[in-house]
Amino acid sequence: MRRILILGGTTQARELAQRLAGRSDLAVTLSLAGRTANPAAQPVPVRVGGFGGAEGLGAHLVAERIDALIDATHPYAAIIAANAARAAQTAGVPLLALRRPPWVAVAGDCWREVADAGAAMRALGDAPRRVFLALGRNDIAPFVAAPQHHYLVRSVDPIEPPLRVPHARYVIGRGPFGQADDHALLLAHGIEIVVAKNSGGEATYGKIAAARALGLQVIMLQRPTLPAVAAVETIEDAVAWINHVPVPCADREV
Ligand code: NAP
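Not measured: the values here are computed from a predicted model.

A few words now on the pairing of strand β11 (residues 217–221). Most of β11 sits out of view: four of its five residues are buried. By the bridge criterion, four bridges tie strand β6 (residues 111–114) to β11 in an arrangement that is parallel. Bridging from a neighbouring strand, Glu-113 pairs with Met-220 of β11. In this region the chain leaves strand β10 (residues 193–197), passes through helix α6 (residues 206–214) and returns to the parallel neighbour β11; the handedness of that crossover is right-handed.

Along the chain, Glu-160 connects to Pro-161 via a cis peptide bond; the corresponding omega equals -5°. Position of Pro-161 among the secondary structure elements: in the loop between β8 (150–155) and β9 (168–172). The linkage connecting Gly-175 with the following residue, Pro-176, adopts the cis geometry, with an omega of 5°. Looking at where Pro-176 falls in the secondary structure, it is placed in the loop between β9 and α5 (179–188). Phi at Arg-65 is positive, roughly 50°, even though this residue is not glycine.

To continue, consider the site of the ligand. Inspection of the region around the ligand gives 24 residues, with Ser-31, Arg-35, Phe-51, Ile-80 and Lys-197 positioned closest. In this structure, Gly-53 approaches the ligand through a main-chain N or O atom, which is 3.0 Å from an oxygen atom. One of the side-chain nitrogen or oxygen atoms of Asp-139 is found 3.0 Å away from an oxygen atom of the ligand. Looking at the shell around the ligand, the elements that each hand over two or more residues are β2 (26–32) and α3 (78–91). It is α3 that contributes the most residues to the shell around the ligand, four residues altogether. Partitioning the shell around the ligand into residue classes produces nine nonpolar, 11 polar and four charged.

In this section: the sheet that holds strand β12 (residues 231–232). Spatial strand order, β3-β2-β1-β4-β5-β12: six strands in an open sheet with parallel pairing. Every interior strand has two partners, whereas the edge strands, β3 (46–48) and β12, have only one. Pairing analysis gives two bridges linking strand β5 (residues 95–98) to β12, with the strands arranged parallel. Its bridge partner being in β12, Leu-98 is matched across the sheet by Val-232. This element, α3, spans β1 (2–7), β4 (68–71) and β5 of the sheet and lies at about 165° to β4.

The next thing to look at is α5. Residues lying three or four places apart along an α-helix face the same way, a consequence of the helix completing one turn every 3.6 residues. Listing the buried residues of α5 in full gives Asp-182, Leu-185 and Leu-186. For α5, the angular spread of the buried residues around the axis is 95°, confining them to a single face. In α5, the exposed positions that point more than 90 degrees away from the buried face belong to Ala-180, Leu-187 and Ala-188. Buried residues belonging to α5 abut β7 (130–134), β8, β9, β10 and α6. Positive backbone phi, at 60°, marks Gly-190, one or two positions downstream of α5.

Conventions and cut-offs
- Per chain, the residues get numbers from 1 upward, laid out in the order the sequence is written.
- Restriction of local features to residues with pLDDT of at least 70 applies here, the model being predicted, together with a cutoff of 80 or more for giving and counting side-chain atom pairs; totals for whole chains, interfaces and linings are based on all residues.
- Only hydrogens and water are removed before side-chain values are computed, so all heavy atoms of the structure are retained for them.
- Each residue is assigned to one of three classes by its accessible area relative to the maximum for its type, calculated with a 1.4 Å probe on protein chains only: buried under 20%, partly exposed between the two thresholds, exposed over 50%.
- Under the scheme used here, helices are H or I runs from DSSP no shorter than 4 residues and strands are E runs no shorter than 2 residues, and both carry numbers assigned from the N terminus.
- Here, any two strands with at least 2 DSSP bridges between them count as paired.
- The path from the first strand over the helix to the second decides the hand: if it runs clockwise while the strands point away from the viewer, the crossover is right-handed.
- Near, as used in this document, describes a residue that has one of its heavy atoms within 4 Å of the molecule or strand being considered.
- Pairs of N or O atoms within 3.5 Å make up the polar contacts considered here, provided that, within protein, one atom can donate a hydrogen while the other can accept it, and that residues adjacent in sequence are counted only when both atoms are side-chain atoms.
- When residues are sorted by character, Ala, Val, Leu, Ile, Met, Phe, Trp, Tyr, Cys and Pro go into the nonpolar class, Asp, Glu, Lys and Arg into the charged class, and all the rest, Gly among them, into the polar class.
- By definition in these notes, contact holds between two residues if any of their heavy atoms fall within 4.5 Å.
- Each axis is a line fitted through C-alpha atoms, taken for helices only over the stretch in contact, and angles between the N-to-C directions span 0 to 180 degrees.
- The reported arc concerns the directions from the helix axis to the C-beta atoms and nothing else.

Okay, structure coming up:
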């Protein structure tokens, strides 16, 4: 029996857990940060909440006798990714990052890449625009400094307290979001600019394809730098890597 800890909170993490659930040679636990009030159901046992930094995560790996750690968090979750790298090294536990490749602009896309949410806010300019903020609630705070715009904010949980700007509307929703629905949403709200993270994957690509079809500009937050660890892009490659994790000595047949 090999004990696998998946750091999750993403569609990919849930899909990987689904692939591993029910295997008698693995004991899989999924870890969530606890950001959403009603997290999606998961196919394996779940633990919720921070570990207390890299040291806390390292202690958890040792205490739970984890044989392999999978970082399947969001590509913008740079703190937990760095913590995972440090904790795995100090605890001597193999680590694999499951990282979605970023979207790449194609013909017809009009992207402007910026460093962070503050730079995205400044890139909107002085003239009032109708803006779709496809950002998590932790990332929208800088936009209070640009109250001249009309904002449409989409998030999994309600934005509490609401953004302190005169013109903001909210859509609550959990992906996947298809192109047709996002096309209709952008049209219905007269959106002129989309602000997004380069999350990769299909679940949230609808707004990018819809923006292309409507000829809208996308202000794209650049991905943060993540630690240089062993990484794969697909569930299949992650499963193959897990299949090669050594069985702990105590569990080996003699
Ligand atoms: P973060 O900034 O990298 O992590 C902050 C802290 O949250 C970590 O130090 C850790 O606390 C805790 N944490 C994060 N992921 C965890 C997990 N899977 N299990 C247990 N604890 C976890 O990550 P974030 O705050 O989740 O998000 C940062 C950015 O990523 C935001 O832009 C957010 O919208 C986006 N995002 C993240 C996820 C995700 O999978 N985490 C999903 C969707 C979007 P301790 O130091 O106490 O251990």
